[in-house]
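One-letter residues, chain by chain:
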Amino acid sequence: MIILPARQLPALIRWFPAGPPGPATLTEHLLATQAGTWWADRAVDPRVIAAECGEHVLLRGDPSALEPADLAPFANTSIEAPDRFRPLLGSAFDQIRPWPRIVHVKRSTSPAARPPLDVTVRRLTTRDALALRRLPAAMSWVHRTWGGPQALARSGYAWAALHRDRIVALACTYFLGTVYEEIACVTVPDPRLQHLGRVCVTALCSDIAARDRTPSWTCPAGDRSTRHLALSAGFRPEYEYTHHVVGSAAAPADGARRRAGQPAALS
């Protein structure tokens, strides 16, 4: 797989129709922010295209055009692809784990919630980059689709609850689509502050509505706490899909070594 230059993208957008909520907003986010990478099996008339951002990959095209080693750049990511890619994924990585996901769309308003007096909920700005960098490691994934804490802080697409300049809850646009904005939310592991996630989500959703877009929220099917938070914030299930969490690239087979100019193992 090779990285595609930006000048080639307009002719290839047909591979990823705009509009649906959920993972499809990844490609629109790449076009709007240039935060990720476009890949193809070849520069002219590609048969396979991949969009990668924040350790998420959308893969489309003809899997017979690839060898397992061609997917090595996508090791240790989450890959969403049609079922026809499943055998190729299984050969390309040392492990692969299906991860069912449920896409929710905001359909109703939610009761207003107020933060404690010593907590401030507001839009993040460039001066909040340090607070984002200080998030616990388990929460740092939330800014990867923007290219890091500095990029998310200056984007204007994040709302946070801050206690003494420390972020204790955060909701942000995770993928910026033209019809839907896919959101994400993280909170510190403190039961006393869990409701602050909904406060941040409500503020973010008001922003999204002001942009004439609709919030969507994709949650792991087995994550009851996040799904409950989504439901309490007025989101309702839209559809379910499965993407695959993959491990390291598998060792190349003899055929792949020969194509790479390496000698095949003797039997």
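This text follows the structure it describes.
Okay, so let's go over this structure.

About the thresholds
- Numbering of residues starts from 1 in every chain and runs along the sequence as written.
- Two thresholds apply to this predicted model, a pLDDT of at least 70 for residue-level local features and 80 or more for giving and counting side-chain atom pairs, whereas whole-chain, interface and lining totals are computed over all residues.
- The side-chain quantities take in all heavy atoms of the structure and omit both hydrogens and water.
- Think of it this way: any DSSP run of H or I at least four residues long counts as a helix, any run of E at least two long counts as a strand, and we number them from the N terminus.
- Categorising residues by exposure relies on relative accessible area from a 1.4 Å probe, with only protein chains included: less than 20% of the type maximum marks a residue as buried, more than 50% marks it as exposed, and the intermediate range marks it as partly exposed.
- Contact between two residues is taken to exist if any of their heavy atoms lie within 4.5 Å; hydrogens are not considered.
- Note on areas: these come from Shrake-Rupley sampling with a 1.4 Å probe, and a residue is covered only by the protein chains present in the view.
- Think of it this way: DSSP has to see at least two bridges between two strands before they count as a pair.

Topic: the overall build of the protein chain
On a plain count of helices and strands, the protein chain comes out with seven helices and 12 strands. Looking at the protein chain as a whole, 50% of its 267 residues qualify as buried. For the protein chain, restricting intrachain contacts to residue pairs at least 6 apart in sequence, the fraction spanning at least 24 positions comes to 65%. Summing over all exposed atoms, the protein chain offers an accessible surface of approximately 13200 Å²; the carbon and sulfur share of this is 53%.

Quick notes on the sheet that holds strand E5 (residues 78–80)
In space, the 12 strands of this open sheet follow the order E1-E2-E3-E4-E5-E12-E6-E11-E10-E9-E8-E7, with mixed pairing throughout. Two strands close off the open sheet at either side, each with one partner strand: strand E1 (2–3) and strand E7 (120–123). Relative to strand E11 (residues 214–220), strand E10 (residues 180–187) runs parallel, the two being bridged by three bridges. When the bridges of E11 are listed, glutamate 182 appears paired with serine 216.

Considering the side chain of histidine 29
You can see histidine 29 is positioned in helix H1 (residues 25–33). What makes histidine 29 buried here is its relative accessible area of 0%.

Thoughts on the pairing of strand E9 (residues 166–176)
Among the 11 residues that make up E9, 10 are buried, leaving the element largely enclosed by the rest of the structure. In terms of strand pairing, strand E8 (residues 158–163) meets E9 through six bridges, oriented antiparallel. Across the sheet, the residue bridging to tryptophan 159 is alanine 171, located in E9. Once E8 ends, the chain turns through two residues before running back antiparallel as E9, passing arginine 164 with a positive phi of about 55°. Sheet analysis places E9 next to E10, joined by seven bridges and oriented antiparallel. Bridge assignment links cysteine 172 to a residue of E10, and that residue is alanine 184.

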